[in-house]
Structures are given as C-alpha cells and as structure tokens.
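So the chains spell out like this:
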Amino acid sequence: MSEIVRQKISAKAEQFTESVIREMTRVALQYDAVNLAQGFPDFSCPLELKQAAYEAIEADVNQYAITWGDRPFRHAIANKVHWYLGLDINPETQITVTCGSTEAMASVMLATVDPGDEVIVFEPYYENYGPDAILAGAIPRYVTLHPPHWTFDEAQLRQAFNANTKAIIINTPHNPTGKVFTRDELTLIAELCQKWDVLAFTDEIYEHILYDSTQHIALATLPGMEERTVTINGLSKTYSVTGWRVGYILANPELTGAIRKVHDFLTVGAPAPLQRAGVAAMQLPPSYYEELAKLYHQKRDSILQILDQVGIPYFVPKGAYYVLADISKFGYKTDVEFTYHLIKDIGVAVVPGSSFFSQPEKGHSLIRFCFSKRPETLQAASDRLLKLQSTLQPTS
Ligand SMILES: Cc1ncc(COP(=O)(O)O)c(C=O)c1O
C-alpha cells in the first residue's frame, strides 16, 4: 500500500486487524477444510421461522421497520424475556432491535462510552469486544479467566475498577471458554458495579445453550442491577439464523434513548421481514429450548469424544457451543502455525486461541473448536483429525 493511501486510514482502524474467526472461514473454503472455526450452525433453522419470513415478504413487509424495532417483535421479545429471565421490560421504551448482537454491542459502547473511559473485559474474550472498545475510544482493562474452570481472581477484579471505569462486559455463557458465570461471581460483579457506579453490558447470546444442569443467570435480575445493566441478545444462535442479522438490546429508558439514536444513524434498522419472523421465534414453546439444549448436549459429548480419541486435551464447556483445546503437547511454536497445519494438511478449520487475547502469546497453546454442526460434519472432522497422529511434530 502506498504511504499516501496508508496515511488516510484512521488511527482507530489501524489498531485492529480483520477478524481472525471470519478469516478462518475463508481459509477453510480455500482448502476445502471442515469448518469448525466460525460459530454458526450448519443445520436448518426451525420451520416456523422460515414460514414466517416467507409470509412477511409475501405480505410486503419489505420496507424500513421503525428504527428501534418492529412493534410486534418488541412486544414478543418482552413476553419471552419475562418468561425466561423474569424481567419486566417495557417494549415501548426499553428495547432496541439491531443488526445482530454485534451491532448491539457497538451501538451500546458508542452511546455510553467516552474516549478515555475504561471498560473491563474478561480475558479470553469474544474477539469483537476489542475493536468495539477501540472504536468507542475506550481503554480496555483485562481481567484474566484462569483455566481449567475459567475462574477469575477477586483481587484482580476489584483492582480493575476505579473512578475512570465506565462499564464492564460480561459474556455468559462465554465464548470461547464455555464458562457460565455463577451467582456468586455475578453478585461480586454487581456489588462492584454499584460501588463504582459502573454500567454492565451483558452478552447473553448463548443463554439457552447450557450443559450439566448449569443455570443461566441474567445480571439484570440481581438486586440493584436492572437499571445499570444493558442486556444484549439476538436470534443468531438460539434459533440458528446467524445470517439474518437480528439482535436486540434491553436497557433502561434513558440509556435506550441514547442507544436508539446511535443505532438509527449506524444502520437505520434490522431487516423488517425477519423481525416479523422473530415474532414466531419468540413464541416458540418451552419445549423448543429443552430440545435445543438436548441437541447441543449430544454435540458437545460428540466433540469431546472425538478429542479424546485424537488425544487433544480440552476444557469441558458448561455452555455455548465451543471447546477450547490445549495444543501445547504438539510442539508447534504458535497456535496460528498449528491452525494452518490443521487446515491445510489435516482438513479441519479451527480458530487460533490468540485471537481471544490482548497479547497473542497468552493464547499460543489454545485452539477453539465450534461444534454447532450436523453429526455428519463432526464425523468428517473426526475422520480427518485422526490423521493428526501421523503428522505430529516431535516435541523437543
Ligand atoms: C459472544 C458472542 N456475541 C455475539 C456474537 C455475534 O452475534 P450476532 O450474530 O447476533 O451478531 C457471537 C458470534 O459468534 C458471539 O459468540
């Protein structure tokens, strides 16, 4: 790139790279690898959603919806959230519908964070939060989640809070570790948010994907937290429609006002017919979520069995649909080298662990497998991964 062109790029955009997760999908396509990298299901979404989407398009719901969300969808979200989380949300003043929870987090940060404010992020973290913070001008403060159970150190968390802290991001169930924050952990976070007058942004997109009787607790339901919690969610994962780009934000009316303004000028709104189909999603019966959890339980057990067979140690996830594996025994210098070996020579794409850390070396011994895949896909990955044994680099 010429120097003249390079100088035109903003300092913000210079500070982050393209998404490694999305890049791995492109490399997987190039090498015809089984894609266990990017987090999307390779199976169908519920028929009810497809039908509702066809019907909405057929009925000419094809123009802009109200910028902060189609009214029937907002009301359906409020009902579902009341049922599942026990939260009373006013659909007229407390919900913003966005283009996925990705836009939701960006809009929330831009609406609440000023340059120089600090935002606490648990590390490893879903890679979008880094660029989101940079775009908002925030200074990220990382708090480490320690394997094997991805717990954090109370003293480190307490130290991270200070007078400049504007917000803390909590992702539960957590990508990439599969951690589900416990009530005790959330209670401590709630106490510190109140002590330091800090907002909490919770990304709860995997709220229904839980294992081993683990329970999802929404931070907003803890005493004193409803007003200062911004809850982010979306249709992508629970209803297997990652390409629809429909998400939503629950927040108090004042914050919602600011978030809606940012959202409006960023995207105007989420796809109108797909918001109508979102009503069908929100009205699915409780049995839908029970079946979904069962389905994912089987998938999790399958991938763990595969990793056992191949001999790759891993950290058992309690929620979400990823498993982090420890590759240190394979003798590669970095996770990225190992990932390229997996994609090119073995034919399975994963995400290198370094993409979930502020300092790449912290993730050099980790890779992430996504297991939201059909049994045939997991079987194909298993067949290929077994070849790994014969191509191992000797450990020094
Ligand atoms: C924690 C987390 N948040 C948000 C997203 C993106 O969700 P959406 O499709 O709603 O933008 C993902 C996708 O992988 C994720 O893992």
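Within each chain, residues carry numbers counting from 1 in the order of the written sequence. Only residues with pLDDT of at least 70 are given local features in this predicted model, and only at 80 or more are side-chain atom pairs given and counted; all residues enter the totals for whole chains, interfaces and linings. To obtain the side-chain values, all non-hydrogen atoms of the structure were included, while hydrogens and water were left out.

**Student:** Please give an account of the overall build of the chain that cites residues and values.
**Tutor:** Across its full length, the chain carries 14 helices and 13 strands. In terms of principal-axis extent, the alpha carbons of the chain reach across some 60 × 55 × 50 Å. Between buried and exposed lies partly exposed: a residue is buried under 20% and exposed over 50% of the maximum accessible area for its type, with that area taken using a 1.4 Å probe on protein chains only. Buried residues in the chain amount to 56% of all 396 residues. Only heavy atoms matter for contacts: two residues are in contact if any of them lie within 4.5 Å across the pair. For the chain, long-range pairs separated by at least 24 residues make up 75% of all intrachain contacts whose partners lie at least 6 apart in sequence. Note on areas: Shrake-Rupley with a 1.4 Å probe; residue coverage comes only from the protein chains shown. On the chain, roughly 16900 Å² of surface is accessible, and the fraction owed to carbon and sulfur atoms is 53%. Averaging the coordinates of the 34 positive side-chain charges in the chain and doing the same for the 45 negative ones gives two points 2 Å apart. Counting from the N terminus, the helices are the DSSP runs of H or I reaching at least four residues and the strands are the DSSP runs of E reaching at least two. Within this scheme the basic residues Lys and Arg register as positive and the acidic residues Asp and Glu register as negative, but His and the chain ends are omitted. A charge is said to be at NZ when it belongs to Lys, at CZ for Arg, at CG for Asp and at CD for Glu.

**Student:** Run through helix α14 (residues 375-385), naming residues and quoting values.
**Tutor:** Taken together, the buried positions of α14 are occupied by Thr377, Leu378, Ala381, Ser382 and Leu385. The buried side chains of α14 occupy one side of the element, clustering within an arc of 140° when seen end-on. Contact partners of the buried residues in α14: β1 (34-35), α12 (286-310), α13 (335-346), β11 (348-349) and β13 (366-370). The reported arc concerns the directions from the helix axis to the C-beta atoms and nothing else.

**Student:** How would you sum up the layout of surface pockets? Please name residues and give values.
**Tutor:** Counted as a void, the largest pocket has a volume near 590 Å³. Cavity means a closed set of points on a 1 Å grid over the protein atoms alone, one where a 1.4 Å probe fits but cannot get out, pocket means an open set with protein on both sides within 12 Å along at least 5 of 7 lines, and lining means a residue has an atom within 4 Å of a point. Lining the largest pocket are 28 residues, with Thr17, Glu18, Glu127, Pro131 and Ser355 sitting closest to its centre. Contributions of two or more residues to the lining of the largest pocket are made by α3 (20-30), α6 (100-112), α7 (129-135) and α13. By residue number, the principal contributor to the lining of the largest pocket is α7, which donates 5 residues. Of the residues assigned to the lining of the largest pocket, the class counts are 14 nonpolar, 9 polar and 5 charged. When residues of the lining of the largest pocket are sorted by domain, at least three fall in each of domain 1 (20-45 + 287-388) and domain 2 (60-284). Grid points are joined across faces, edges and corners, and a volume is the space filled by probe spheres set on the points. Estimates place the volume of the second largest pocket at around 450 Å³. Lining of the second largest pocket is provided by 24 residues; of these, Arg22, Thr102, Tyr126, Lys237 and Arg245 occupy positions nearest its centre. Those elements that provide at least two residues to the lining of the second largest pocket are α3, α6 and α7. Among the elements that take part in the lining of the second largest pocket, α6 stands out by supplying 3 residues, more than any other. Tallied by class, the residues present in the lining of the second largest pocket amount to 8 nonpolar, 10 polar and 6 charged. Here the term charged refers only to Asp, Glu, Lys and Arg, the term nonpolar to Ala, Val, Leu, Ile, Met, Phe, Trp, Tyr, Cys and Pro, and the term polar to all other amino acids, Gly among them. For each domain, the first and last residues come from an automatic or database assignment.

**Student:** Break down the UniProt feature "domain: Aminotransferase class I/classII large" (unreviewed entry) in the chain for me, with residues and values.
**Tutor:** UniProt positions are given in the numbering used here, feature names are shortened, and annotations may be inferred rather than shown by experiment. The sites that carry the UniProt feature "domain: Aminotransferase class I/classII large" (unreviewed entry) are, in the present numbering, residues 32-385. With 40% helix and 16% strand, residues 32-385 has its two end C-alpha atoms placed 14 Å apart.

**Student:** Requested: an account of empty space enclosed by the protein, with residues and values cited.
**Tutor:** Considering all chains together, one arrives at 2 cavities of 30 Å³ or more under this definition. Taken as a whole, the largest cavity holds about 50 Å³ of empty space. Taken together, Val121, Phe122, Tyr125, Tyr126, Tyr129, Ile169, Ile170, Asn171, His174 and Phe181 make up the full set of residues lining the largest cavity. Elements supplying a minimum of two residues to the lining of the largest cavity: β3 (118-123) and β5 (165-171). At 3 residues, the largest contribution of residues to the lining of the largest cavity is made by β5. Per-class residue counts for the lining of the largest cavity are 8 nonpolar, 2 polar and no charged. Empty space within the second largest cavity amounts to approximately 30 Å³. Looking at the second largest cavity, the residues that line it are Lys80, Val81, Leu85, Glu207, Thr231, Asn233, Tyr248 and Leu250.

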